[in-house]
Amino acid sequence: MNLSVKPLQNCGKCGLCLTACPVYKVLKEEQASPRARLQLIKAFENNTLEATPLLKELISKCLMCGSCAATCPSGINHYEKFMNMRQQMVADLGETPVIKSLIFLLSKESRIRRGAGMAKLTQKLAEKLTPDWLANKYCMGNIPLKQFPRLNSIPFRKRVAQIIPPRGEKKGRIVYFTGCATNYMYSDTGISTVGILTHLGYEVIIPQDQTCCAIPLMFHGASTRAAKNMTININALGKHECDNIIVDCTTCGAALKDEYPALIKKIIEKNSTQPPSNQSWEALEMLSKKIAEKTTDILSFIAVHKQKLVFDKNTPKLAHVAYHAPCHSRNSFNTLPIIQNLLKELPFIDYTPTPDEAECCGGGGTFFYEHPKIAKRIMDKKIYQVKNIAAEYWLTDCPVCRINLAGNLEPLKPGTPGTPGKSSRIQVLHPITPIYNALKKGH
Ligand code: SF4
Ligand code: SF4
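Computed from a predicted structure; not experimentally measured.

Asks: Please explain the sheet that holds strand β6 (residues 244-247) as it appears in this structure.
Replies: For sheets, the rule is that strands pair by backbone hydrogen bonds, running either parallel or antiparallel. Judged by pairing direction, the sheet is mixed, and its 5 strands sit side by side in the order β3-β5-β4-β6-β7 without closing on themselves. At either end of the open sheet lies a strand with only one pairing partner, and these are β3 (163-164) and β7 (295-297). Alignment of strand β4 (residues 172-177) against strand β5 (residues 202-205), held across 4 bridges, turns out to be parallel. Note that in β5 the partner of Gly172 across the bridge is Tyr202. Across the sheet, helix α17 (residues 298-305) is in contact with β6 and β7; its angle to β7 comes to roughly 85°.

Shown next as structure tokens:
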């Protein structure tokens, strides 16, 4: 992502950002474009526009995908402008009850755990008691509730030890930041990540005191609560000496690498918030910079160490494998070429790129919930492309994208190309899972 901060006046209104904006591409309305959003912010900053529900809605019709900033020839940091404006809108107009509840839930780990437990119970009851035709009618945003992933019966971090020894000779130590999705929803991602790291000879530390990375809190203007989560994570991760801090989701990675140092810098400059612990912001800033330097995503880590992975030569080849690049992977971690090369090189994956694999899926944190019709239109374009290549697997390294992709897929009809004679859905997985499954067991 282009992090140089240029003033809004630098916008030459060239319109290049429109060609990159997934929301503009489906709505084709100037008011939904990044260029227009910047002009609205400028008018608001110049006091010629007031905070109104309409202005808040126009600002919120954005996936925070970063594609506009990555395209802009004038070096404007849309991301930071939009983030600040979102905070301002929440400060002036408040939040909806649902988003308020989400913020309340995500700002304390014990609440997330209880919330996930209750949701799991509800999910089990609904599966037993609700007929399919009814279950398919109820949606969260653009996703039928029935197509939401099953929550973990036991949180991933409770299933595994805090310190997991390497297989064979110890090569180093990794701290693993699992994020909420792996902990409460996608334990397969956690098992595969730990399996690969220990296969490579790393001791894996999974701090039990980590919590939500706080990106959803930042997106919704809850900066004080975000600062609390950030402090918990900085202390949970920073106390362990390690070679690398690994994330399996680049949104969490962006929090550790970019957002924490930036938020602390802002707090120090504005002298706005007391540190939530007995440390100074300066001490936390030093620790966050150390964490940022060590943070990397699991796929980039594998790309560096792939020669050391020992694969089972009899692993069956996965046919027609498509990839969806999450926005943070493209615009923050810049991992798209790394992952494309990795997928091309793996002998057990028949990687078939779709023309739009680098385009946002419309998930955007809570965007799919807040703007379901727009999210569905963005998603439908992607589904058309994967069906066009008769994909059987769709890989993505972001849990929200994974929920969104899997939640919008219909079961394939019998006889669909690539699935001869059977009815099946395209399987949506984190790329780490087929890589882990192909490892030579017992090695
Ligand atoms: S690409 Fe940059 S300069 Fe061009 S219209 Fe968009 S924000 Fe303005
Ligand atoms: S961040 Fe993404 S969705 Fe938002 S204006 Fe920029 S390109 Fe459009």
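Don't stop here, the text continues.
Asks: Hey, could you run me through the site of ligand 2 in this one?
Replies: In the vicinity of ligand 2, 14 residues are found, and the nearest of them are Cys21, Pro34, Cys62, Cys65 and Cys68. Broken down by secondary-structure element, the contributors of at least two residues to the shell around ligand 2 are α2 (22-27), α3 (34-45) and α5 (67-71). Across the shell around ligand 2, the residue classes tally to 10 nonpolar, 3 polar and 1 charged.

Asks: Would you take a moment to explain helix α6 (residues 78-93) for this structure?
Replies: Two residues of an α-helix separated by three or four positions point the same way, owing to the 3.6 residues in each turn. For α6, which comprises 16 residues, the first-to-last C-alpha distance of 22 Å matches the rise-based estimate of 22 Å (1.5 Å per residue) to within 8%. Three or more residues of α6 are buried, namely His78, Tyr79, Lys81, Phe82, Met85, Met89 and Val90. For α6, the angular spread of the buried residues around the axis is 165°, confining them to a single face. In this fold, the buried residues of α6 make contact with α3, α4 (53-60) and α5. Downstream of α6 by a residue or two, Gly94 has a phi angle that is positive, lying close to 80°.

Asks: Mind showing me how you'd approach the packing of helix α14 (residues 223-238) against helix α16 (residues 281-294) here?
Replies: Between two packed helices, the angle of one axis relative to the other and the distance separating the axes together describe the packing. Their axes nearest at 10 Å, the elements α14 and α16 cross at an angle of 60°. When the axis of α14 is compared with that of α16, the two are oblique. The interaxial crossing formed by α14 with α16 has left-handed handedness. Contacts from Thr231, Ile234, Leu237 and Gly238 of α14 reach α16 at Leu284, Leu287, Ser288, Lys290 and Ile291. Grouping the constituent residues of the contact of α14 with α16 by class yields 5 nonpolar, 3 polar and 1 charged.

Asks: Explanation requested: the domain arrangement of the chain in the structure shown.
Replies: Much of the literature gives interface size as the accessible area that the parts lose upon coming together. Each assigned domain of the chain is listed with its residue range as follows: domain 1 (8-93) and domain 2 (307-437). Placing a centre on the C-alpha atoms of domain 1 and another on those of domain 2 gives a separation of 29 Å. Between domain 1 and domain 2, the contact holds 12 residues from the first and 14 residues from the second. Elements that contribute at least two residues to the side of domain 1 that touches domain 2 include exactly α2 and α5. For the side of domain 1 that touches domain 2, the element with the most residues is α2, which contributes 4 residues. Counted by class, the side of domain 1 that touches domain 2 contains 8 nonpolar, 3 polar and 1 charged residues.

Asks: Help me out: how do you make sense of the site of ligand 1 in this one?
Replies: As a structural note, the neighbourhood of ligand 1 is formed by 14 residues, with Cys11, Cys14, Cys17, Cys72 and Ser74 the closest of them. Those elements that place two or more of their residues in the shell around ligand 1 are α1 (16-20) and α3. Ranked by residues supplied to the shell around ligand 1, first place goes to α3 with 3 residues. Split into classes, the residues belonging to the shell around ligand 1 amount to 8 nonpolar, 4 polar and 2 charged.

Asks: What am I meant to see in the environment of Lys266 here?
Replies: Within the secondary structure, Lys266 sits in helix α15 (residues 250-270). You can call Lys266 partly exposed: it has 15 C-beta atoms within 10 Å. Sequence separation of Lys266 and Lys290 is 24 residues, and the distance between their C-alpha atoms is 18 Å.

Quick notes on the rules
Residues numbered from 1 in each chain as written. Chains lettered and ligands numbered in written order. Predicted model: local features only at pLDDT ≥ 70, side-chain atom pairs only at ≥ 80, totals over all residues. Pairing = 2+ DSSP bridges. Helix = DSSP H or I, 4+ residues; strand = E, 2+ residues; numbered from the N terminus. Contact = placed C-beta atoms within 7 Å. Axes fitted to C-alpha atoms, helices over the stretch in contact; angles between N-to-C directions. Near = placed C-beta within 6 Å. Nonpolar A, V, L, I, M, F, W, Y, C, P; charged D, E, K, R; others polar. Expected span 1.5 Å × (residues − 1). Buried ≥ 20, exposed ≤ 12 C-beta atoms within 10 Å, placed from the backbone. Arc of directions from axis to C-beta. Parallel < 35°, antiparallel > 145°, perpendicular 65-115°, else oblique. Left-handed = near helix turned anticlockwise from the far one by under 90°. Domains from an automatic or database assignment.

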